[in-house]
Amino acid sequence: MKQPHLACADWLRERALHIEQVLKELMPAAQTAPERLHEAMRYAVLGGGKRVRAALVYAAGQACPVSGSVLAVEASMDRAAAAVELIHAYSLVHDDLPCMDNDTLRRGRPTAHIHYDEATAMLAGDALQPLAFELLAGMPIAPALVVQATQVLARAAGSLGMAGGQAIDLHSVGKTLTRDELQVMHSMKTGAMLAASVTLGGIVAGASSTARAALDSYAQAMGLAFQVVDDILDVTADSASLGKTAGKDAVENKPTYVSLLGLEAAQALAEELRQAAHQALGPLGESGARLGQLADFIVLRDR
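Residues numbered from 1 in each chain as written. Predicted model: local features only at pLDDT ≥ 70, side-chain atom pairs only at ≥ 80, totals over all residues. Heavy atoms only, no water.

- As named in an unreviewed UniProt entry, the chain is Geranyltranstransferase, taken from Bordetella trematum.
- Per UniProt, the chain carries the Sequence similarities (unreviewed entry) text "Belongs to the FPP/GGPP synthase family." (UniProt positions renumbered as here; feature names shortened; annotations may be inferred.)

See the structure below:
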């Protein structure tokens, strides 16, 4: 019998293939003017990535009894999952720019500004962000739930979430942060979008207040765990397996959980957060099993 996180890897691959097809269909065709911009958008989004954020949307939705039309919820789940992937892709395109992290490798291939040019990459990121909200606006569920979903994603992507976390990250290069300061930075930069992915799945499914509370607790633990593991892998993995430049945090003197706590303590923290995520799923019973498998996969992954 497969270990849960290995069985989850099979499900993740299936979900990745599914969301890839959804994104292909929902994004503007490369042949639509302006062609070069649309080519760059599709280059940034398609053909790579673990699709963990989309998987969290689906798994959270799966953990809640569906309220309303199953077909409407399934279509809305696809749009919500696509929306978080578009926001994630836009953030990677902008993070890789020379004015930010100035990286040349992403998902095992040249970054968007290297493959195209800096201006095209910036515009591609600019265009992916509103497209995400357009997809949420088109979800065929209750308007009040559409509004909630839009608010959740907007907050997670904005100055109080991902963009704000990136600003703190850039300002913190070469500085020594306390553990609390590091946690605030990562809860905004990485954790906010992961947590939003879980919340969106619950919103679309029409989750109860009890289920929402369980999903929120799970999301907080996993949002931090994902970044802790990323910091660990930056030290322990190579560029080929990561699909991006390994060791860059240390070279650029960026504060990380490994630099603050040491490798062993960072690994122990990741395990502690994995256990906390499993504990948070208690109220969901067996329906939360997929989220539990995802927690195992995220913490135990090697790339």
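The rest of the description comes next.
Remarks on the packing of aromatic side chains
Both the distance between ring centres and the angle between the ring planes are used here to describe each pair of aromatic rings.
Right, on to step 1. Taken as a whole and assessed by the stated rule, the structure comprises 1 aromatic pair.
Right, on to step 2. An angle of 80 degrees between the planes, with centres 5.5 Å apart, marks the rings of Tyr-43 and Tyr-116 as edge-to-face. A residue pair is termed long-range when its members are at least 10 positions apart, and Tyr-43 in helix 2 (residues 35–45) and Tyr-116 in the loop between helix 5 (112–115) and helix 6 (118–137) qualify at 73 residues.
Right, on to step 3. In this structure Tyr-43 comes out as buried when scored by relative accessible area, which is 13%.
Right, on to step 4. Tyr-116 gets classed as buried once you look at its relative accessible area, which sits at 15%.
Right, on to step 5. The side chain of Arg-15 reaches across the aromatic face of Tyr-58, ending 4.5 Å from its centre.
Right, on to step 6. Looking at Arg-109, its charged tip hangs above the ring of Tyr-43, at a distance of 4.0 Å from the centre. (Phe/Tyr/Trp six-rings, centres within 6.5 Å; stacked < 30°, edge-to-face > 60°. Helix = DSSP H or I, 4+ residues; strand = E, 2+ residues; numbered from the N terminus. Buried < 20%, exposed > 50% of the residue type's maximum accessible area, 1.4 Å probe, protein only. Lys NZ or Arg CZ within 6 Å of the ring centre and 35° of its normal.)

Re the side chain of His-113
Right, on to step 1. Relative to the elements of secondary structure, His-113 occurs in helix 5.
Right, on to step 2. From its side chain, His-113 meets the backbone oxygen of Asp-96 in a polar contact 3.5 Å long. (Polar contact = N/O pair within 3.5 Å; in protein donor to acceptor, adjacent residues only side chain to side chain.)

A few points about helix 14 (residues 263–280)
Since the α-helix advances by 3.6 residues per turn, residues separated by three or four positions end up pointing in the same direction.
Right, on to step 1. End to end, helix 14 covers 26 Å across 18 residues, agreeing with the expected 26 Å (1.5 Å per residue, within 8%).
Right, on to step 2. Taken residue by residue, helix 14 has Ala-266, Leu-269, Ala-270, Leu-273, Arg-274, Ala-277 and Ala-280 as its buried positions. Buried residues in helix 14, looked at end-on, bunch into an arc of 145 degrees, giving them a common side. Summarising the geometry of helix 14, the exposed residues directed more than 90 degrees from the buried face are Glu-264, Glu-272 and Gln-279.
Right, on to step 3. Turning to helix 14, the residues buried within the fold contact helix 9 (179–205), helix 10 (209–236), helix 13 (257–261) and helix 15 (289–300). (Expected span 1.5 Å × (residues − 1). Arc of directions from axis to C-beta. Contact = heavy atoms within 4.5 Å.)

Considering the environment of Ala-54
Right, on to step 1. Structurally, Ala-54 is set in helix 3 (residues 52–62).
Right, on to step 2. In this structure, the C-alpha to C-alpha distance between Ala-54 and Leu-12, residues 42 residues apart in sequence, is 9.4 Å.
Right, on to step 3. When neighbours within four sequence positions are excluded, Ala-54 is seen to be in contact with Ile-19, Ala-81, Val-84 and Glu-85.

Let's talk about helix 2
Right, on to step 1. Residues His-38, Ala-40, Met-41, Arg-42, Tyr-43, Ala-44 and Val-45 constitute the buried set of helix 2.
Right, on to step 2. Phi turns positive one or two residues past the end of helix 2, at Gly-47, with a value near 85 degrees.

Re the nonpolar core
The tendency in soluble globular proteins is for nonpolar side chains to be buried as a group.
Right, on to step 1. Leu-153 and Tyr-218 are the most contacted members of the largest nonpolar core, which has 101 residues in total.
Right, on to step 2. Of the residues forming this core, the biggest block, 14 residues, is contributed by helix 10. (Core = buried A, V, L, I, M, F, W, Y, C linked by side-chain atoms within 4.5 Å.)

Digging into unusual backbone geometry
Right, on to step 1. With an omega dihedral of -5 degrees, the bond running from Ala-33 to Pro-34 counts as a cis peptide bond.
Right, on to step 2. As for its placement among the helices and strands, Pro-34 is situated in the loop between helix 1 (4–26) and helix 2.
Right, on to step 3. Phi angles above zero are rare outside glycine, and Asn-102 is one such case at about 50 degrees.
Right, on to step 4. If you trace the backbone, Asn-102 turns up in the loop between helix 4 (70–95) and strand 1 (105–106).
Right, on to step 5. The partly exposed category is assigned to Asn-102, whose relative accessible area is 44%.

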